[in-house]
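Structural overview for review
One letter stands for each residue in the lines below.
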Amino acid sequence: MPRTKASAPQTSAASESEPLPRQRPAQIRHREAVWTKLKQTGAHLREDTDARLTAFWEQTQRSLQDTFEDAINAYCDKLRIPKTMKPDSELAIPRNPGLVPAEPNGYTTRKIGVRLQPNTRARLVAACKKEQLGGTDLFNDALNDYFDKLGIPTVDRLGPAAEEE
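The shown structure was predicted, so the numbers you read here are calculated from the model rather than taken from an experiment. (Residues numbered from 1 in each chain as written. Predicted model: local features only at pLDDT ≥ 70, side-chain atom pairs only at ≥ 80, totals over all residues. Heavy atoms only, no water.)

Bringing the overall build of the protein into the picture now. Along the protein, the regular secondary structure elements total 7 helices and 2 strands. Reading the helices (α) and strands (β) of the protein from amino to carboxyl end gives α-β-α-α-β-α-α-α-α. For the protein, with 165 residues in total, the buried portion stands at 31%. The contacts in the protein between residues at least 6 apart in sequence include a share of 89% that link residues at least 24 apart. Surface summary for the protein: the accessible area is close to 12400 Å², and the carbon and sulfur share equals 51%. (Helix = DSSP H or I, 4+ residues; strand = E, 2+ residues; numbered from the N terminus. Buried < 20%, exposed > 50% of the residue type's maximum accessible area, 1.4 Å probe, protein only. Contact = heavy atoms within 4.5 Å. Areas by Shrake-Rupley, 256 points an atom, 1.4 Å probe, with all protein chains shown as cover.)

With that settled, consider the nonpolar core. In terms of nonpolar packing, the biggest core is built from 28 residues, with L45, F68, I72, L138, F139 and F147 touching the most fellow members. Residue assignment for this core shows that the elements contributing at least two residues are β1 (39–46), α2 (47–60), α3 (64–78), β2 (109–116), α4 (118–131) and α5 (135–150). Non-local contacts of F139, meaning those with residues more than four positions away in its chain, are made with T41, G42, A43, L45, F68, I72, I93 and L124. (Core = buried A, V, L, I, M, F, W, Y, C linked by side-chain atoms within 4.5 Å.)

The next subject is α2. With 14 residues, α2 extends 20 Å from end C-alpha to end C-alpha; this agrees with the ideal 20 Å at 1.5 Å per step. One or two residues past the end of α2 sits Q61, with phi positive at roughly 60°. (Expected span 1.5 Å × (residues − 1).)

In this section: unusual backbone geometry. Of all residues except glycine, most have a negative phi; of all peptide bonds, most are trans. Backbone geometry places Q61, a non-glycine residue, at a positive phi of 60°. Relative to the helices and strands, Q61 resides in the loop between α2 and α3.

Enumeration according to the criterion identifies 0 disulfides in this entry. C76 takes part in no disulfide bond, and the closest cysteine sulfur to it belongs to C128, at a distance of 8.4 Å. Residue class for C128 comes out buried when judged on its relative accessible area of 1%. (Disulfide = S-S within 2.5 Å.)

Of note, R123 is situated in helix α4. For R123, a relative accessible area of 2% corresponds to the buried category. Within the structure, the side chain of R123 is placed 2.6 Å from the side chain of D77, a separation counted as a polar contact. (Polar contact = N/O pair within 3.5 Å; in protein donor to acceptor, adjacent residues only side chain to side chain.)

Attention now goes to the environment of V114. Considering the arrangement of structural elements, one finds V114 in strand β2. For V114, a relative accessible area of 4% translates into the label buried. Excluding anything up to four places from it in sequence, V114 contacts K39, Q40, T41, L64, Q65 and F68.

Attention shifts here to the pattern of salt bridges. Taken as a whole and judged by the stated rule, the model has 8 salt bridges. Across the salt bridge formed by R46 and D137, the nearest N and O atoms sit 2.3 Å from each other. Of this pair, R46 sits in strand β1 while D137 sits in helix α5, and the two are 91 residues apart along the sequence. Residue D77 pairs with K83 through a salt bridge whose shortest N-O separation is 3.2 Å. Look at K83 and you get exposed, because its relative accessible area is 57%. A cluster of three or more residues bridged by salt bridges with shared partners is formed by D77, K83 and R123. (Salt bridge = Lys/Arg side-chain N within 4 Å of Asp/Glu carboxyl O.)

Between the first and last C-alpha of α3 there are 21 Å, a value that for 15 residues agrees with the 21 Å anticipated at 1.5 Å per step. Turning to α3, its buried residues are T67, F68, E69, A71, I72, N73, Y75 and C76. Against the buried residues of α3 lie β1, α2, β2, α4 and α5. R80 occupies a position one or two residues after α3 and carries a positive phi of about 60°.

In structure tokens form, the structure reads like this:
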């Protein structure tokens, strides 16, 4: 059977003058991920604290989250911050008060991202306010205090291998 050309669609004058039906815009999702309640937290660690963290990890193989949770909670216990914070507690970590943007501060830091429980993050903020410190100083103080309790050596006792990294 021979092929025939398809006929062009017929349009009428009436259909061309009718307005198109109004289309609704696609809905935008405004939900947070429900798979975790952990709060993403950035920490600037000084070189000496970072070296001790590496030495601690090599000895224990503990996760970064568990290490930070334990260190912050131990430090907050020392400062007598309540163990359970109110659900509406502030979670914004304050900046270091003496830090001037774009001005050298005398030490090199490495940024690490860690997810913290909301209660731990609230305790961290309360400790910052009580000590009048920013997040960077408190993270480093809490981790160094925790490593001192566990007997993790300081940078000068770690040896040349830790300084080269």
